[in-house]
Amino acid sequence: MSAIHGTVESLRIALAALSANKARGVLTTLGIIIGIVAVVTTMTAANGLANSFRESASVMGADVLYVSHHPWIITGRFFQYRNRPNISLKHSFKLDQRLQSAVAINPTTTTMRSIKYGSEDRHNITVVGTTHKHVLMSSAVPEFGRFFTGYDVQYRRWVCVIGKTVHDQLFEGHDPINKNLKIGRSEFRVVGVMEKQGSAGFFGGPDFDSQVFVPITTFAKAFGGFGRNVDIGVKAPSGVTLADYEYEVIGEMRKIRKLKPGEPDDFSVNKMESLMDAFNNVMGVVVMIGLAITGVSLFVGGVGVMNIMFVSVTERTREIGIRKAIGAKRRAILTQFLFESSAICLVGGAIGVALSFAVAAAMNKFLMPASVSLPIVVVALLVSLLTGVLSGFIPAWRASRLNPIEALRYE
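Read on for a plain summary of the structure. (Residues numbered from 1 in each chain as written. Predicted model: local features only at pLDDT ≥ 70, side-chain atom pairs only at ≥ 80, totals over all residues. Heavy atoms only, no water.)

1. Observations concerning the packing of helix α12 (residues 330–366) against helix α13 (residues 374–400)
Two quantities define a packed helix pair, namely the angle between the helix axes and the distance between the axes. Where α12 contacts α13, the two axes come as close as 7 Å, and the packing angle between them is 150°. Comparing their axes, α13 and α12 come out roughly antiparallel. As α12 packs across α13, the resulting crossing turns out to be right-handed. Broken down by class, the residue content of the contact of α12 with α13 amounts to 18 nonpolar, eight polar and one charged. (Axes fitted to C-alpha atoms, helices over the stretch in contact; angles between N-to-C directions. Helix = DSSP H or I, 4+ residues; strand = E, 2+ residues; numbered from the N terminus. Parallel < 35°, antiparallel > 145°, perpendicular 65-115°, else oblique. Left-handed = near helix turned anticlockwise from the far one by under 90°. Nonpolar A, V, L, I, M, F, W, Y, C, P; charged D, E, K, R; others polar.)

2. Notes on the nonpolar core
In terms of nonpolar packing, the biggest core is built from 23 residues, with Ile36, Val40, Val305, Ile320, Phe337, Val372 and Ala399 touching the most fellow members. Breaking this core down by element, the ones donating at least two residues are α2 (22–57), α10 (272–315), α12 and α13. Element by element, the count of residues in this core is highest for α12, at eight residues. Val372 has contacts with Val40, Thr44, Ser356, Phe357, Ala360 and Val377, leaving out every residue within four places of it along the chain. (Core = buried A, V, L, I, M, F, W, Y, C linked by side-chain atoms within 4.5 Å. Buried < 20%, exposed > 50% of the residue type's maximum accessible area, 1.4 Å probe, protein only. Contact = heavy atoms within 4.5 Å.)

3. Some details on the packing of aromatic side chains
Scanning all chains against the criterion turns up nine aromatic pairs. Taken together, a centroid distance of 4.8 Å and an interplanar angle of 45° make the contact between Tyr151 and Tyr155 tilted. For the pair Tyr151 and Tyr155, one class covers both residues: exposed. The interplanar angle of 65° and the centroid separation of 5.1 Å between the aromatic rings of Phe219 and Phe223 together place this pair among those described as edge-to-face. Within this pair, Phe219 and its partner Phe223 are both found in helix α8 (residues 216–223), separated by four residues, close to a single helical turn. Overall, Phe223 belongs to the buried group, its relative accessible area being 10%. (Phe/Tyr/Trp six-rings, centres within 6.5 Å; stacked < 30°, edge-to-face > 60°.)

4. Section: the environment of Gly163
For Gly163, the location among the structural elements is in the loop between β5 (159–162) and α7 (164–170). What makes Gly163 buried here is its relative accessible area of 0%. Other than its neighbours up to four places away in sequence, Gly163 contacts Val193, Met194, Phe208, Asp209 and Gln211.

Structure below.
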């Protein structure tokens with residue numbers, strides 16, 4: 001009980017000292033506040049980016065393999081891929097015939113075109129040529145209206161499905177269904193609007209909400225021939241691991257491309273897992289750099305707290321001597337000053353966390369989905385407490401080691 005009583009008494013004295021020097025305490029906490037705001041903002045931004053990327057990436061399907069001309073993530077020189085022959089629609093048709101086990105096989109190709117409705121127009125919009133199986137490959141579905149059908153693809157109908165951003169920019173306040181939208185020089189009838197999907201732009205990927213989808217057969221007629229390069233999405237059957245199914249897809253594609261044993265693949269098979277791994281690696285480096293920079297702010301704040309604690313010890317040398325003379329132990333003096341430095345940093349941390357909520361709200365409104373979660377708050381307060389303990393330890397140690405006789409003589 002005596003230990004508890006001593007701890008409570010040390011805490012009371014520390015809080016009384018802080019209350020007596022409010023201006024000094026406020027100025028001392030500024031460095032901690034800046035550091036904690038930086039820490040929380042860095043972690044919140046990283047968390048928001050990760051969540052946004054994962055939500056958008058899920059649109060592409062976690063159980064889908066994409067046969068492409070080159071890898072999504074190129075770590076070597078691009079020239080080793082540029083001379084590969086195109087992957088065309090006929091390759092997609094042949095793979096569909098050979099790979100009977102696949103849930104769906106869907107070719108896609110893209111181009112950039114201007115679009116126009118009435119007096120409103122937008123430039124450099126991604127137009128995606130695909131099939132009715134597109135909705136089987138991902139979690140994205142039309143918010144209203146419909147996606148085009150196999151009939152639309154087979155008979156090359158001039159229909160399209162627009163993304164959420166395209167809808168908001170061109171048809172704000174109007175129902176777009178069955179309205180004619182001019183894409184390039186051709187007119188398409190809008191039959192559906194996709195739900196909001198977000199962007200995979202962290203790696204230069206598409207903004208899914210700014211896309212327009214048309215039947216790939218109509219796409220070939222309006223924007224180019226059937227020899228255009230396509231990506232082939234292959235949805236794996238349930239119960240089969242994606243890694244195992246990848247070997248089967250590669251084997252069939254090698255047969256279709258008539259590659260001899262020993263010849264390297266002249267195509268690439270991509271999957272979301274590799275994109276997520278690359279994203280996590282990049283984000284890990286970004287977060288480490290961000291935390292290293294914010295660590296400098298906390299270090300500066302900690303040095304400020306240490307200086308103030310040295311001043312506090314010097315000003316209260318006689319008080320320390322009196323307390324020691326009437327029986328106060330070194331541990332009580334050490335605890336008192338550690339409580340004082342920790343309280344300063346915790347107050348600064350709490351203010352920093354409060355300001356971080358405002359920063360997160362601004363980020364959420366103007367930049368990306370972001371919110372300060374409970375684990376981030378806990379980490380921020382623990383960092384504040386640790387900074388206070390480390391900053392105050394040397395001054396507290398010096399105070400606890402003062403000779404009571406010399407301290408009483410101090411003027």
